[in-house]
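# Structure assessment
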Amino acid sequence: MSQPAVFLDRDGVLNQEVGYIHRVEDLNLIPGVAQAVRRLNDRNLFCCLVTNQSGPARSYYSMDHVNALHQRLCHLLQTQAEAILDALLICPYLSPPEGGINPEFARWSTWRKPNTGMLVAAAWEHDLDLSSSFVIGDKATDVDMAHNAGCQGILVQTGYGSRVLSGDYQHHTQPDYIATDLADGVNWILGRGNRE
């Protein structure tokens, strides 16, 4: 039986939005995030990170650096609330017209949001039901990806979320719920009772 999942964007949702993170120690969680993820863990909801990380394609840093950032992210979740991510999916690809210059990663990809490749791959590998799943992000492309895959999209007002709502960043989108932050989004998911 396929299970629902909660797909989480990284920057501006889990950790503070500070642009491209060149120093691992500059990745810090938004207050309350670890406890929110732990609540999803306690309800046995599959938690999956889905993040565009174009730094390697832009030759800002290596994939090893991205992996080190995610080790810190998981360590902070664990130490603050014994919270875990069940899977981490990363899109390091960026097409040359968008700014990709590293030949290893400079290409168009079905994994790059708002395309649905990361969600489809996670669903295939972990037997997830996308039609009963949720995406929580701070960008219009997160909500668009959710809807493109048949998920519900939650826009948090942390990170770039408030600028998306005001029309100052990306484009207007129609989230299924506008959350103050991740904790509020998790409350909305858990308050929906039995999901079909």
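Report on the accompanying structure.

Each value, and the rule that gives it
- Residues numbered from 1 in each chain as written.
- Predicted model: local features only at pLDDT ≥ 70, side-chain atom pairs only at ≥ 80, totals over all residues.
- Heavy atoms only, no water.
- Helix = DSSP H or I, 4+ residues; strand = E, 2+ residues; numbered from the N terminus.
- Rg over C-alpha atoms; globule rule 2.2 N^0.38 Å.
- Buried < 20%, exposed > 50% of the residue type's maximum accessible area, 1.4 Å probe, protein only.
- Contact = heavy atoms within 4.5 Å.
- Areas by Shrake-Rupley, 256 points an atom, 1.4 Å probe, with all protein chains shown as cover.
- Expected span 1.5 Å × (residues − 1).
- Arc of directions from axis to C-beta.
- Polar contact = N/O pair within 3.5 Å; in protein donor to acceptor, adjacent residues only side chain to side chain.
- Phe/Tyr/Trp six-rings, centres within 6.5 Å; stacked < 30°, edge-to-face > 60°.
- Pairing = 2+ DSSP bridges.
- Salt bridge = Lys/Arg side-chain N within 4 Å of Asp/Glu carboxyl O.

Each helix and strand in the protein was counted, giving six helices and six strands. The order of helices and strands in the protein, counted from the N terminus, is β-α-β-α-β-α-β-α-β-α-β-α. Its C-alpha atoms give the protein a radius of gyration of 16 Å, near enough to 16 Å, the size a compact globule of 196 residues would have. The principal-axis extents of the C-alpha atoms in the protein amount to approximately 45 × 35 × 35 Å. In the protein, which comprises 196 residues, the share counted as buried stands at 51%. If you take every contact in the protein between residues at least 6 apart in sequence, the share linking residues at least 24 apart comes to 64%. With the model as given, the accessible surface of the protein reaches about 9000 Å², and the carbon-plus-sulfur share is 47%.

Look at helix 2 (residues 63-81): 27 Å from first C-alpha to last across 19 residues, which is about the 27 Å you get at 1.5 Å a residue. All buried positions along helix 2 are accounted for by His65, Val66, Leu69, His70, Leu73, Leu76, Leu77 and Ala81. Across the axial projection of helix 2, the buried residues extend over an arc of 140°, all falling on one side. Of the residues in helix 2, the exposed ones pointing more than 90 degrees away from the buried face are Asp64 and Gln71. Measuring from the backbone nitrogen of Asp64 back to the side-chain oxygen at the start of helix 2 gives 3.3 Å, which picks out Ser62 as the cap.

What follows concerns the packing of aromatic side chains. The final tally for this structure, using the stated rule, is five aromatic pairs. Ring geometry for Tyr20 and Tyr60: centres 4.8 Å apart, planes at 85°, overall edge-to-face. Pair noted here: Tyr20 is in the loop between strand 1 (5-8) and helix 1 (33-42) and Tyr60 is in the loop between strand 2 (46-52) and helix 2, with a separation of 40 residues, a long-range link. We classify Tyr20 as partly exposed; its relative accessible area is 35%. You can call Tyr60 partly exposed: its relative accessible area is 41%. Linked through ring pairs, Phe134, Tyr177 and Trp188 together constitute an aromatic cluster.

Okay, the pairing of strand 3 (residues 87-91) next. A large share of strand 3 lies buried, amounting to four of its five residues. Examined bridge by bridge, strand 2 and strand 3 share five bridges and lie parallel to one another. Counterpart to Cys48 in the pairing with strand 3 is Ala87.

Tallying each qualifying case throughout the model produces seven salt bridges. Across the pair Glu25 and Arg23 runs a salt bridge, and its minimum N-O distance is 3.5 Å. The class for Glu25 is partly exposed, based on a relative accessible area of 46%. The closest approach of N and O atoms between Arg23 and Asp26, which form a salt bridge, is 2.9 Å. Here Arg23 falls in the partly exposed class, since its relative accessible area comes to 48%. Taken together, the salt bridges that share partners define one network made up of Asp9, Lys113 and Asp142.

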